[in-house]
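Summary of the model geometry
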Amino acid sequence: MKQEPKSESTTTELSAFNSYKAKKTVRILVHEIESIPDVKSWARQSNVSRGWLSKVTKETYGLSPKEVLRQVRYERIVQLLENDVEATSYSIAKDSGLSSGDALRMFLRRHQDTNFRVLRRQIINGKLQVEWQWLESE
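Here we summarise the structure given alongside this text.

Cut-offs applied
- Residues numbered from 1 in each chain as written.
- Predicted model: local features only at pLDDT ≥ 70, side-chain atom pairs only at ≥ 80, totals over all residues.
- Heavy atoms only, no water.
- Helix = DSSP H or I, 4+ residues; strand = E, 2+ residues; numbered from the N terminus.
- Buried < 20%, exposed > 50% of the residue type's maximum accessible area, 1.4 Å probe, protein only.
- Contact = heavy atoms within 4.5 Å.
- Areas by Shrake-Rupley, 256 points an atom, 1.4 Å probe, with all protein chains shown as cover.
- Phe/Tyr/Trp six-rings, centres within 6.5 Å; stacked < 30°, edge-to-face > 60°.
- Core = buried A, V, L, I, M, F, W, Y, C linked by side-chain atoms within 4.5 Å.

1. Details of the overall build of the protein
A count of helical and extended segments in the protein gives seven helices and zero strands. For the protein, the proportion of its 138 residues judged to be buried stands at 36%. Taking all contacts inside the protein whose residues are at least 6 apart in sequence as the whole, residues at least 24 apart take part in 64%. Just so you have it, the protein exposes about 8900 Å², and 47% of that area is on carbon and sulfur atoms.

Okay, here's the thing in structure tokens:
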């Protein structure tokens, strides 16, 4: 059975639907970050396949799901610290979806080239400039 080529309107409708669904999956990530340790879990909680999530986040945002997850997690860490600069690294780690204070330390070192103490100091001194991309509307 030969498939007909997709019409332009079908492609546009599918693209609009995928964009809507991508935004919905990001909303799920933002609201459930503390229970989403990785892309596989994010896909599962969003009721989509990992392959679909990868394809659509690249099309919609120009980023891999892993990059989106990292950015959302970092923004959540900063948001939590701004709300309570006296919070412990363990509580910040748990509320941002990391397993421990050590996991937070490694995350900040690997992906942001900083550490918990420096990050807290920057927030206290008003020197941390974050471009809110994912949590600005939350």
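Text resumes after the structure shown.
2. Structural notes on the packing of aromatic side chains
Aromatic ring pairs are defined here through the distance separating the ring centres and the angle between the ring planes. Applying the stated criterion across every chain, the model contains two aromatic pairs. With a centroid separation of 6.5 Å and an interplanar angle of 40°, the aromatic rings of F17 and Y20 are classed as tilted. Of this pair, F17 and Y20 both sit in helix α1 (residues 8-32), separated by three residues, roughly a single helical turn. Since its relative accessible area comes to 44%, F17 is described here as partly exposed. We classify Y20 as partly exposed; its relative accessible area is 47%. Here the aromatic rings of Y61 and W134 are separated by 5.0 Å at their centres, their planes lie at 75°, and the arrangement is edge-to-face. Of the two residues, Y61 sits in helix α3 (residues 50-61) while W134 sits in the segment after α7 (116-124), which places them 73 residues apart along the sequence. What makes Y61 partly exposed here is its relative accessible area of 24%.

3. Here's the deal with unusual backbone geometry
The residue N47 is not glycine, and still its phi comes out positive at about 60°. Note on placement: N47 falls in the loop between α2 (39-45) and α3. Even without glycine at this site, D113 takes up a positive phi of about 50°. For D113, the location among the structural elements is in the loop between α6 (101-112) and α7.

4. Thoughts on the environment of S54
Relative to the helices and strands, S54 resides in helix α3. Separated by eleven residues in the primary sequence, S54 and P65 have C-alpha atoms spaced 5.7 Å apart.

5. Details of the nonpolar core
The nonpolar side chains of soluble globular proteins are, as a tendency, buried together. With 17 residues, the main nonpolar core has Y74, I77, I92, L98, L104, L108 and L119 as its most contacted residues. Looking at this core, the elements with two or more residues in it are α4 (65-83), α5 (89-95), α6 and α7. Among the nonpolar cores identified, the runner-up in size contains 16 residues, and V26, V30, V39 and A43 belong to it.

6. Comments concerning the environment of L98
Mapped onto the elements of the fold, L98 is located in the loop between α5 and α6. With relative accessibility at 14%, the residue L98 sits in the buried group. For L98 and D38, which are 60 residues apart along the polypeptide, the C-alpha to C-alpha distance reads 9.7 Å. With residues up to four places along the chain from it excluded, the contact list for L98 reads R73, I77, A93, A103, L104 and F107.

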